[in-house]
Amino acid sequence: MTTRIDCDSCLVRGLHCHDCVVTALLGPPPELELDDDQTRALAVLADGGLVPPLRLVRPVSGPEIESA
């Protein structure tokens, strides 16, 4: 059994990516990425209480551990 996830055919793409389990697990589609200026602008709006703060946490690489 195979499950295919096709964001291109999603009827609410863009509107509900923020609470999609696929987005939570795999990250948002590339065209929904925010640049630094956009991220700062949203942070200012969130600090003023106009929008909720972004909850996106981006993965970071862990330390490389060499085995003996």
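Residue positions are counted from 1 within each chain, in the order its sequence is given. Since the coordinates come from a predicted model, pLDDT governs what is reported: local features require at least 70, and pairs of side-chain atoms require 80 or more to be given and counted, while whole-chain, interface and lining totals use all residues. Hydrogens and waters are ignored; side-chain quantities use all the structure's heavy atoms.

## Some thoughts on the overall build of the protein
Here a helix means four or more residues in a row that DSSP labels H or I, a strand means two or more in a row labelled E, and each is numbered from the N terminus. Looking only at helices and strands, the protein has two helices and zero strands in total. When the accessible surface of the protein is totalled, it reaches about 6,500 Å², and 59% of it is carbon and sulfur. Here the open area of atoms and residues is found with the Shrake-Rupley method and a 1.4 Å probe, where only the protein chains shown may cover a residue.

## A word on the pattern of salt bridges
Salt bridge, as used here, is a side-chain nitrogen of Lys or Arg placed within 4 Å of a carboxyl oxygen of Asp or Glu. Scanning the entire structure with this criterion turns up two salt bridges. Linking arginine 40 and aspartate 37 is a salt bridge whose minimum nitrogen-to-oxygen distance equals 2.4 Å. Residue arginine 40 and its partner aspartate 37 are located together in helix α2 (residues 36–47), separated by three residues, close to a single helical turn.

## A look at α2
Expected helix span is taken as 1.5 Å per residue step, with the number of steps being one fewer than the number of residues. The first and last C-alpha atoms of α2 sit 16 Å apart over twelve residues, in line with the 16 Å expected at 1.5 Å per residue. Think of a polar contact as two N or O atoms within 3.5 Å of one another; within protein, one of them needs to be a possible hydrogen donor and the other a possible acceptor, and neighboring residues in sequence only count if both atoms come from side chains. With a side-chain oxygen positioned 3.1 Å from the backbone nitrogen of aspartate 37, the residue opening α2 is aspartate 35. Backbone geometry just after α2 places glycine 49 at a positive phi near 80 degrees.

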